[in-house]
Each structure stands twice: as structure tokens, then as C-alpha cells.
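Observations on the three-dimensional arrangement
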Amino acid sequence: MPIATPEVYNEMLDRAKAGKFAYPAINVTSTQTLHAALRGFAEAESDGIIQISTGGAEFLGGQYAKEMVTGSVALAEFAHIVAEKYPVTIALHTDHCPKDKLDGYVRPLLEVSRKRVEAGGNPLFQSHMWDGSAETLADNLAIGQELLAQAAAAKIILEVEITPTGGEEDGVSHEINDSLYTTVDDALRTAEALGLGEKGRYLLAASFGNVHGVYKPGNVVLRPELLKDLQEGVAAKYGKTSPFDFVFHGGSGSSEQEIATALENGVVKMNLDTDTQYAFTRPVVDHVFRNYDGVLKVDGEVGSKKTYDPRTWGKAAEAGMAKRVTEACANLRSTGTRLK
């Protein structure tokens, strides 16, 4: 069962929260980066999450049509087949989807899974993300309520981002400033609107100074201890200990101590994209620089087919990205925790 059923995905998240570890959520944009992520999880003996952003889905749809739903469905179906060969359990997730892309991405994908479930099967994706951080909190939560109901009906978990994450992700950008910190009031309003599981399970991307991309030290001030305040503030009103399953956005470049504090306070998923992109591309650049006269037909020569063959540099790229995924598993304490 390499691709998690809804029941198994819930079990994965429960185990992570109880064990104070988190799953790396690795963005992929091709079958090759998918294999790199699967290989990294397998080598770490860790289950994990593979996700596709709107930009990644558009890229997967091909540059002729750039069709997000086609691209994401195609890769998900491919993943259901090839993941059988890896000894780990994987959940498929769609990353950041803002309001203007809901009708062209998440809503059609929810419909695909609804039809699969109605026919007696399992959803194609195990979770989807609604990124309403650019909207008012009231509008954000209103849309979240609608999507949560649809997701629950399709046995899917919804991820919501209630306040901004800094930097830029697929065209959605926020300044790096004091607004990047979720308040207890924000968390209480979320619990009131979306419930605490009775309306459907959701993951919460709260902001504690998170920024997409990698920045030099001093430019970003992460406060993962803030997550404890949010948990306790909502627990005091609703009487449910540690009520939220948190997501750590902008995880690339974070320190081990920042990650450890986040894990202690309920983070069960951490997104990685920038670091894994670099880990994939770096070996390719190294190969090209070392073999420029084979990759290129320099001075009228014919080059070397074995050198410019995409399989040659592609294998190095896969290995580089897989290694970074295993490092993420170690940092998030998920190494060796795969379901037996």
C-alpha cells in the first residue's frame, strides 16, 4: 500500500504528532523528481508526503497547454503505479492554491476524488491546500468551510493557511514584516469556523515568521515557540489538548533547533522545495562544467552522446535530491518510522 488510503494517512499524521516527528513534504515537478523523493524516503525508511504546487502542475501539464489539472492528475496516477516498488507509504498532496486558481485546480481535483470515492475507490490525492493568506481572515475561513466540507465528503484532508508566509511561492508574495505571526485570536476564529475535527480534518499552516525560499541569517526571525501559545490558547477554550496539526512552511534553510521546537509544538508536516530544487540542479551543473566539451559540440566537434544523454546527468540529479530528502527525514525525526 505505497499510496496511503484515507485511514492510513490519518494514522500517519496521528503517529507523527504523538511521536513528535514530522513528514517532509517534497514538491515535485516531474517523474524524475518524484523518483528522487521516493528514493530519499525509502533510503531513510520514512513514510512521507509528495506535493504538487499550481506552478508545478502547470509545468507537468506541458508548455503547450499548461493545464494544471491534467498535469497533476497524470503525475498522481503515475505515482500510484511506481510507488509500488518503494517500501514506504506516501501521501499525495497539492500545495499552495490561492483564490483565483481554485476553480482551475483544487475544485476540479476534489471532483475527481469525489467520483472515485462514490465508485467505491479511494481519492486520487490524500490532501489539498487552500491558501487564503492573501484574503481577509473572514473570507479565508468562509471559503475554508466550503472546501473542508467537500474534502471531507471525498475522504480528503484539507490544509489551510490562515495568515501570510513571507517571500514568494508561485506568484503569491508577502512582505517580510510583523504580520507574519499568527495570533491566538486568529487561531480561535479558525477553530470556531472550521471546528476541531468534527467538520473534517484539516492541517493548519500558521505563521511564525516563515518565509519561502532561503535567506541569509538575520533576515528572517522564526518564532516556532509561538505554536505552543496557539495550541494552549485554543485548548483553554475548547478543552482539547494540542488541538492543531501544524504545517511548517518555508522549511528550507531552517536551523535544527527551530525545527525541533516546531516539532515539540505540534508540527506534523514541513514543506521543502527550495533546498531540494538546488540539490537536484547542483549535480547537473557540476556535470556540465566538468564535461563542457562533451555536452556541447565545441569548435565543430561532435561532442559525446554519453555525456549529454539526459540519463547520465539525470541519475546524478536524482541522487543529489534523494540525499537531501534523507537529510530532511533525519532533521524531522521521521527516519526509521515507516509503517510496518
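Predicted model only: the values in this text are computed from it and were never measured. (Residues numbered from 1 in each chain as written. Predicted model: local features only at pLDDT ≥ 70, side-chain atom pairs only at ≥ 80, totals over all residues. Heavy atoms only, no water.)

**Some words on the packing of aromatic side chains**
Selection criterion: Pairing of aromatic rings covers Phe, Tyr and Trp, the last through its six-membered ring, and needs centres within 6.5 Å; plane angles under 30 degrees mean stacked, over 60 mean edge-to-face, and all others mean tilted. When accessible area is computed with a 1.4 Å probe and restricted to protein chains, residues below 20% of their type maximum are described as buried, those above 50% as exposed, and intermediate ones as partly exposed. Numbering goes from the N terminus for both helices and strands, where a helix is a DSSP run of H or I of at least four residues and a strand is a run of E of at least two. Here, a charge over a ring means that NZ of Lys or CZ of Arg falls within 6 Å of the ring centre while also lying within 35 degrees of the ring normal.
In total, this model carries 3 aromatic pairs according to the counting rule given. On the basis of an interplanar angle of 85 degrees and a centroid distance of 5.5 Å, the ring pair of F21 and Y23 is categorised as edge-to-face. Among the residues examined, Y23 registers a relative accessible area of 0% and is labelled buried. Look at F208 and F248: their rings are 5.0 Å apart centre to centre, the planes differ by 70 degrees, and that puts the pair in the edge-to-face class. Pair noted here: F208 is in the loop between β8 (202–205) and α8 (226–238) and F248 is in strand β9 (residues 246–248), with a separation of 40 residues, a long-range link. For the pair formed by F208 and F248, the shared burial category is buried. Of note, R223 hangs over the ring of Y181, and the distance from its end group to the ring centre comes to 5.0 Å.

**Observations concerning empty space enclosed by the protein**
The condition is simple: Two kinds of site are reported from a 1 Å grid over the protein atoms alone, namely cavities, where a 1.4 Å probe fits but cannot get out, and pockets, open sets with protein on both sides within 12 Å along at least five of seven lines, and residues are called lining when an atom falls within 4 Å of a point. Grid points are joined across faces, edges and corners, and a volume is the space filled by probe spheres set on the points. Here the term charged refers only to Asp, Glu, Lys and Arg, the term nonpolar to Ala, Val, Leu, Ile, Met, Phe, Trp, Tyr, Cys and Pro, and the term polar to all other amino acids, Gly among them.
One pass over the structure, following the stated rule, counts 2 cavities of 30 Å³ or more. Each pocket or cavity is described by its volume, and for the second largest cavity that value is around 40 Å³. Along the walls of the second largest cavity sit V28, L34, I50, I52, L75, A76, L92 and F125, which together make up its complete lining. Contributing elements (two or more residues each) for the lining of the second largest cavity: β2 (48–52) and α4 (68–82). Of the residues belonging to the lining of the second largest cavity, the class tally is 8 nonpolar, no polar and no charged.

**Considerations on the nonpolar core**
Heads up, the condition is: Joining through side-chain atoms within 4.5 Å is the link that ties buried Ala, Val, Leu, Ile, Met, Phe, Trp, Tyr and Cys residues into a set, and such a set is a nonpolar core. Whether two residues touch is decided by their heavy atoms; if any such pair falls within 4.5 Å, the residues are in contact.
Formed by 77 residues in total, the largest nonpolar core has its most connected members in I50 and F244. Per-element accounting of this core gives the leading share, 7 residues, to helix α2 (residues 31–44). Apart from residues lying up to four places away in sequence, F244 is in contact with K17, A187, A191, L196, Y202, L204, L230, Q231, V234 and G266.

**Looking at helix α6 (residues 137–153)**
Just so we agree on the cut-off: Multiplying 1.5 Å by the helix residue count minus one yields the expected span of that helix. The directions considered for the arc run from the helix axis to the C-beta atoms.
A rise of 1.5 Å per residue sets the reference length of α6, with its 17 residues, at 24 Å; its end C-alpha atoms lie 24 Å apart and thus fit the reference within 8%. Those residues of α6 lying buried are L137, N140, L141, I143, G144, L147, L148 and A151. The arc that holds every buried residue of α6, seen down its axis, measures 165 degrees, which confines them to one face. Downstream of α6 by one or two residues, K155 has phi in the positive range, about 60 degrees.

**Things to note about the pattern of salt bridges**
Threshold: Definition used for salt bridges: Asp or Glu carboxyl oxygen within 4 Å of a side-chain nitrogen of Lys or Arg.
Evaluation of the coordinates by the stated rule reveals 17 salt bridges. Here E77 makes a salt bridge to R116, at a shortest N to O gap of 3.5 Å. Of the two residues, E77 sits in helix α4 while R116 sits in helix α5 (residues 106–118), which places them 39 residues apart along the sequence. R116 sits in the partly exposed class, given a relative accessible area of 27%. One salt bridge in this structure joins E327 and K323, with 2.9 Å as the shortest N-O distance. Of this pair, E327 and K323 both sit in helix α13 (residues 310–331), 4 residues apart, which is roughly one turn of the helix.

**A look at the packing of α5 against α6**
Short version of the rule: A fitted line through C-alpha atoms represents every axis, and for helices the fit uses only the stretch in contact; the resulting angles, taken between N-to-C directions, go from 0 to 180 degrees. Geometric relationships in this document are graded by angle, where less than 35 degrees denotes roughly parallel, more than 145 denotes roughly antiparallel, 65 to 115 denotes roughly perpendicular, and other angles denote oblique.
Between α5 and α6, the least distance of the axes is 9 Å, while the angle of their chain directions is 25 degrees. It follows from the interaxial angle that α5 and α6 lie roughly parallel. Residue-level contacts link R107, L110 and V117 of α5 to I143, E146, L147, Q150, A151 and A153 of α6. Across the contact of α5 with α6, the residue classes break down as 6 nonpolar, 1 polar and 2 charged.

**Comments concerning the packing of helix α10 (residues 274–290) against α13**
A pair of packed helices is captured by two measures, namely the crossing angle of their axes and the spacing between those axes. How we decide: By definition, turning the near helix anticlockwise from the far helix through less than a right angle yields a left-handed crossing, and turning it clockwise yields a right-handed one.
Remark: α10 packs on α13, axes separated minimally by 8 Å, with the N-to-C direction vectors making an angle of 145 degrees. Considering the relative orientation of α10 and α13, their crossing is right-handed. Along its contact with α10, which presents D275, T276, A279, F280, P283, V284 and H287, the element α13 presents T312, W313, A316, A317, E318, G320, M321, R324 and V325. A breakdown of the residues in the contact of α10 with α13 according to their chemical character gives 9 nonpolar, 4 polar and 3 charged.

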